[in-house]
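Take a look at the letters that make up each chain.
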Protein chains: 2
Amino acid sequence: MAKFPPGAWDQLRNYFSKIAPISEGEFEDLKPSFTPSYFPRNSFLLRQGELCQSMYFVVKGSFRIFHINDSGQELTRYFAFENKFGTNLTSMIEGSPSVENLQAVEPLFVLEIKKATFFQLVETISQVNKIYRNILQNAYITSQRRIYDLQGMSALDRLKWLLEQYPLILSRIPSRLVASYLGISQYTLSRLKSEL
Amino acid sequence: MAKFPPGAWDQLRNYFSKIAPISEGEFEDLKPSFTPSYFPRNSFLLRQGELCQSMYFVVKGSFRIFHINDSGQELTRYFAFENKFGTNLTSMIEGSPSVENLQAVEPLFVLEIKKATFFQLVETISQVNKIYRNILQNAYITSQRRIYDLQGMSALDRLKWLLEQYPLILSRIPSRLVASYLGISQYTLSRLKSEL
DNA sequence: TCAAAGTCTTGCTGTAGAGCAAAACTTTCT
DNA sequence: AGAAAGTTTTGCTCTACAGCAAGACTTTGA
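Please read these numbers as outputs of a predicted model, since none were measured by experiment.

**Focus on the pairing of strand β3 (residues 54–60) of chain A**
Residues and elements named next belong to chain A.
Part 1: Most of β3 is tucked away: 6 of the 7 residues are buried.
Part 2: Across 2 bridges, β3 lies against strand β6 (residues 85–86) in antiparallel orientation. Bridging from a neighbouring strand, F57 pairs with F85 of β6.

Okay, here's the thing in structure tokens:
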């Protein structure tokens, strides 16, 4: 395991400043709420059935959020890269067992914040309230876009869409997982890649 | 056009009280922000390309939210029935042109609140802030569930799912629209209904 | 109350994409 | 460096579903 990236706190501060600017002092107060941690490739941050206890801010690497359905098929709905928060919001909000897994795709460094701590900050610190609102809004918008864009599109058009919208996914994520994100089989994806 | 349902304000008050209880007096102050209006069957509250200017609280009837894609195919993502808020959140949040249409499916009575008014209340009245958070959370959760539940399901399983999750849709909404909600053709839907 | 418009059903045909299996290629580990 | 494990590609077959067209049934409105 490599050592924790030194710029981590700057990345987080930067994230804040884009949405809800925060003073140096206020930020210092926030720091203790976050814990740096490391997850090796393929390890799980959360498994289906567990309660989601934390949010994760990606410092370096990536993880995916996916679900295994009754027929044993994997469905990936999100890849979190650097400077993004990711978690199973539904489980956090409802306190219900997660229907999703969070799994590191690349070696992963995160800043972790506990659910209770986070929601407390949402209530008490207006910047964090704003951050949360922003996270919800974005989560919603992304998910909307995904429904509309992918529904009723041919497999080839989905691939082109991905290339356009999220080129990072194609360059950093193994094909098998990309296929499960697009909702097509790995065979079809492989064939389509040759067609451009 | 029938006359506006008399219990409308009670319905709205009731909605509030389940999420963010509010006093009689505070509620009276809120009332002027909402305007009762009526939309006949099939009329549009909003069309693709326009800016979404309002949120709608359904008093009686129903409307749907749908998108027409490049191949001219309709995709319905939501049916709003009594005591639900509905709008194109994305367009409201981003101030971007709507990619969705809102259309009355049954004769429709709503309480309408303007976007600017609403966001102002979100900032100034903590109960409305809570309502908004709740709307965002629910919108997100619903949309999540839809992705997971429908992706990779056979057409028959989708139908069973609908029967289970949203029986109202099957009983009140024309088949053609139901099909566009499930992402299957009207022909397939018709055939499957006979298979139970 | 009956014509006209809209909606639902059903037969038939065509096709996109799933899924298996085996080969080619890549990465990982000792 | 070479064996073992994992991933990607490709050929082949099979099926669920789309989409047209024509007929049955339902709703609407003058």
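The rest of the description comes next.
**Considerations on the protein's contact with DNA strand D**
Part 1: Near DNA strand D, the surroundings consist of 16 residues, among which S175 and S190 of chain A together with A155, S185 and T188 of chain B are the closest.
Part 2: Contributing elements (two or more residues each) for the surface near DNA strand D: α8 (175–182) and α9 (186–194) of chain A together with α6 (155–165) and α9 (186–194) of chain B.
Part 3: Element by element, the count of residues in the surface near DNA strand D is highest for α9 of chain A, at 6 residues.
Part 4: Of the residues assigned to the surface near DNA strand D, the class counts are 6 nonpolar, 7 polar and 3 charged.

**Comments concerning the domain arrangement of chain A**
Residue and element names in this part refer to chain A.
Part 1: Split by domain assignment, chain A resolves into domain 1 (8–151) and domain 2 (152–196).
Part 2: Placing a centre on the C-alpha atoms of domain 1 and another on those of domain 2 gives a separation of 24 Å.
Part 3: Facing the 13 residues of domain 1 at the interface are 12 residues of domain 2.
Part 4: Looking at the side of domain 1 that touches domain 2, the elements that each hand over two or more residues are β4 (63–68), β5 (74–80) and α5 (126–150).
Part 5: If one sorts the elements of the side of domain 1 that touches domain 2 by residue count, β5 sits on top with 4 residues.

**Description of the relation of the copies chain B and chain A**
Part 1: Expressed as a screw transformation, the operator carrying chain B onto chain A has a rotation angle of 180° and an axial translation of 0.0 Å, and the superposed copies differ by an RMSD of 0.0 Å. In the structure described here, the two chain copies are related by an operation that fits a two-fold rotation axis. If distances are taken from each C-alpha of chain B to the rotation axis, the shortest is found for Y140 of chain B, at 2.5 Å.
Part 2: Same-surface contact between copies: 100% of interface residues of chain B are shared with the interface of chain A.

**Re the UniProt feature "domain: Cyclic nucleotide-binding" (unreviewed entry) in chain A**
Part 1: Per the UniProt record, "domain: Cyclic nucleotide-binding" (unreviewed entry) is annotated on residues 18–122 of chain A.
Part 2: Taken end to end, residues 18–122 of chain A comprises 22% helix and 40% strand; its first and last C-alpha atoms sit 17 Å apart.

**Quick word on the sheet that holds strand β3 (residues 54–60) of chain B**
Residue and element names in this part refer to chain B.
Part 1: Pairing within the open sheet is antiparallel, and its 4 strands lie in the order β1-β8-β3-β6. Only two strands of the sheet have a single partner each, and these edge strands are β1 (34–39) and β6 (85–86).
Part 2: Here β1 runs beside strand β8 (residues 108–114); their pairing, made up of 6 bridges, is antiparallel. Across the sheet, Y38 pairs through a bridge with F109, a residue of β8.

**A closer look at the protein's contact with DNA strand C**
Part 1: Around DNA strand C, a shell composed of 16 residues is seen, among which A155, S185 and T188 of chain A together with S175 and S190 of chain B lie nearest.
Part 2: Those elements that provide at least two residues to the surface near DNA strand C are α6 (155–165) and α9 of chain A together with α8 (175–182) and α9 of chain B.
Part 3: By residue number, the principal contributor to the surface near DNA strand C is α9 of chain B, which donates 6 residues.
Part 4: Counted by class, the surface near DNA strand C contains 6 nonpolar, 7 polar and 3 charged residues.

Calculation criteria
- Residues numbered from 1 in each chain as written.
- Chains lettered and ligands numbered in written order.
- Predicted model: local features only at pLDDT ≥ 70, side-chain atom pairs only at ≥ 80, totals over all residues.
- Buried ≥ 20, exposed ≤ 12 C-beta atoms within 10 Å, placed from the backbone.
- Helix = DSSP H or I, 4+ residues; strand = E, 2+ residues; numbered from the N terminus.
- Pairing = 2+ DSSP bridges.
- Near = placed C-beta within 6 Å.
- Nonpolar A, V, L, I, M, F, W, Y, C, P; charged D, E, K, R; others polar.
- Domains from an automatic or database assignment.
- Contact = placed C-beta atoms within 7 Å.
- Least-squares fit on C-alpha atoms with pLDDT ≥ 70 in both.
- UniProt positions renumbered as here; feature names shortened; annotations may be inferred.

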